[in-house]
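# Close look at the chain arrangement
Each chain is listed here by its residues.
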Amino acid sequence: MAEFARPGAEQWVPDDAGLDGLRAAAPDCRGCELYRDATQVVFGSGPDRARLMLVGEQPGDSEDKAGEPFVGPAGRLLADALAAAGVRAEDAYVTNAVKHFRFEERGKRRLHKSPAVAHIEACHPWLDAEFRTVRPDVVVALGATAARGVLGRTVRVLAERGRVLDERPAVAPEARVVLTVHPSAVLRLRGKPEFDPEFDGLVADLRTAADLL
Ligand code: URA
Ligand code: SF4
């Protein structure tokens, strides 16, 4: 692949646009090379002002096709976990640290490939714009990539999950942050004895976040 300068999303993010304006501008983003192979940008979804914001990693295969976050298998598991934690999914704003699907082609299949730190950083202006617009009281970072996007540092998910962190996102200083595992990590355990305790752990962490509201 030819070298692609990765200027970051900044110049494509409109000022004071509101969510509709941000969503309308996102398809033009050329902040990193991921737009080239993805089907479309997958922007966040949910109410304009939500007290709870959930941040995932990047769209998966289903989300890339649908253009909406968390509509595939991981999203269904997340919806189940939110319901078990007493959170109404429609009350939460849901987004991803990186807005285009990164994958590797294996024959006809597209295999998820985790975004690099450079992609998280390139895409960060969109996440910041969502924070400034949605102004959540509580942010749940789902897994290490999300946490990197929200906090700007490397986290150890298993050591730091499930409690209210001292840090707050730079552009949303009123928001408290809870870190938990990514729903895909729980999904991979389906059919194994570890599934139930991991699912329950995700629910417990979501409840910790919901209790702050
Ligand atoms: N995994 C994510 O992190 N985000 C999605 O939108 C779907 C799967
Ligand atoms: Fe822009 Fe983010 Fe897509 Fe890269 S992943 S092109 S920074 S929207």
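Up top you'll find the structure we're talking about.
Just so it is clear, the model here is predicted, and its values are computed rather than measured.

### Considering the environment of G18
- Position of G18 relative to the elements: it lies in helix α1 (residues 18-25).
- G18 gets classed as partly exposed once you look at its relative accessible area, which sits at 26%.
- Considered as a pair, G18 and A5 are 13 residues apart in the sequence and their alpha carbons are 28 Å apart.

### Describing the nonpolar core
- M53, L54, V55, W126, V139, V150 and L206 are the most contacted members of the largest nonpolar core, which has 58 residues in total.
- Examining the composition of this core, we find that seven residues originate from one element, helix α8 (residues 195-210), more than from any other.
- Not counting residues up to four positions away in its chain, the partners in contact with V150 are V55, L127, F131, V139, A141, P169 and V177.

### Structural notes on helix α5 (residues 144-151)
- Along α5, seven of the eight residues are buried, which leaves the element largely enclosed by surrounding structure.
- Three or more residues of α5 are buried, namely T145, A146, A147, R148, G149, V150 and L151.
- Buried-residue contacts for α5 involve β1 (52-56), α4 (117-134), β5 (138-142) and β6 (176-180).
- One or two residues past the end of α5 sits G152, with phi positive at roughly 70°.

### Things to note about the packing of helix α3 (residues 73-84) against α8
- Between α3 and α8, the shortest axis-to-axis distance is 8 Å and the interhelical angle comes to 60°. For the element pair α3 / α8, the angle class is oblique. Every pair of crossing elements has a handedness; the one defined by α3 and α8 is right-handed. Two secondary-structure elements touch here, α3 through L77, L78, D80, A81, L82 and A84 and α8 through F195, F199, L202, V203, L206 and R207.
- Residue classes in the contact of α3 with α8 are distributed as 10 nonpolar, no polar and two charged.

### So, the packing of aromatic side chains
- Within the structure shown, the criterion is met by four aromatic pairs.
- A ring pair is formed by F43 and W126, whose centres lie 5.8 Å apart and whose planes are at 85°; its orientation type is edge-to-face. Here F43, found in the loop between α1 and β1, pairs with W126, found in helix α4; they are 83 residues apart in sequence, far enough to count as distant. The burial state of F43 is the same as that of W126; both residues are buried.
- One Lys or Arg, K99, reaches over the ring of F43 and ends 5.8 Å from the middle of that ring.
- The ring of F103 has R110 sitting right over it, with the charged end atom 4.9 Å from the ring centre.

### With respect to empty space enclosed by the protein
- Summed over all chains, the structure comprises one cavity of 30 Å³ or more.
- One number sums up the size of the largest cavity: a volume of about 100 Å³.
- Lining the largest cavity are 14 residues, and of these C29, C32, H100, C123 and W126 lie nearest its centre.
- Split into classes, the residues belonging to the lining of the largest cavity amount to 10 nonpolar, two polar and two charged.

### Observations concerning the layout of surface pockets
- In this model, the largest pocket occupies a volume close to 620 Å³.
- Around the largest pocket, the lining comprises 29 residues; the ones closest to its centre are A74, H112, H182, S184 and R188.
- Every element with two or more residues in the lining of the largest pocket is listed here: α2 (61-66), α3, β4 (109-112), α5, α6 (157-160) and α7 (183-187).
- Here the residues of the lining of the largest pocket are counted per class, giving 12 nonpolar, 11 polar and six charged.

### Regarding the site of ligand 1
- Around ligand 1 sit G56, E57, Q58, P59, G60, E63, P69, F70, N96 and H182, and that is every residue in its neighbourhood.
- At a separation of 2.7 Å, a nitrogen atom of ligand 1 approaches a polar side-chain atom of N96.
- The side chain of H182 places a nitrogen or oxygen atom 2.6 Å from an oxygen atom of ligand 1.
- Against a free-state accessible area of 240 Å², the protein chains account for coverage of 95% of ligand 1.

### Focus on the side chain of T145
- Inspection of the secondary structure assignment puts T145 in helix α5.
- Overall, the relative accessible area of 12% leaves T145 in the buried class.
- Ignoring any residue separated from it by four or fewer positions in sequence, one finds T145 in contact with E57, A97, P115 and I120.

Rules used in this analysis
- Residues numbered from 1 in each chain as written.
- Chains lettered and ligands numbered in written order.
- Predicted model: local features only at pLDDT ≥ 70, side-chain atom pairs only at ≥ 80, totals over all residues.
- Heavy atoms only, no water.
- Helix = DSSP H or I, 4+ residues; strand = E, 2+ residues; numbered from the N terminus.
- Buried < 20%, exposed > 50% of the residue type's maximum accessible area, 1.4 Å probe, protein only.
- Core = buried A, V, L, I, M, F, W, Y, C linked by side-chain atoms within 4.5 Å.
- Contact = heavy atoms within 4.5 Å.
- Axes fitted to C-alpha atoms, helices over the stretch in contact; angles between N-to-C directions.
- Parallel < 35°, antiparallel > 145°, perpendicular 65-115°, else oblique.
- Left-handed = near helix turned anticlockwise from the far one by under 90°.
- Nonpolar A, V, L, I, M, F, W, Y, C, P; charged D, E, K, R; others polar.
- Phe/Tyr/Trp six-rings, centres within 6.5 Å; stacked < 30°, edge-to-face > 60°.
- Lys NZ or Arg CZ within 6 Å of the ring centre and 35° of its normal.
- 1 Å grid on protein atoms, 1.4 Å probe; cavity = no way out; pocket = protein on both sides within 12 Å on 5 of 7 lines; lining within 4 Å.
- Points joined across faces, edges and corners; volume = space filled by probe spheres on them.
- Near = heavy atom within 4 Å.
- Polar contact = N/O pair within 3.5 Å; in protein donor to acceptor, adjacent residues only side chain to side chain.
- Areas by Shrake-Rupley, 256 points an atom, 1.4 Å probe, with all protein chains shown as cover.

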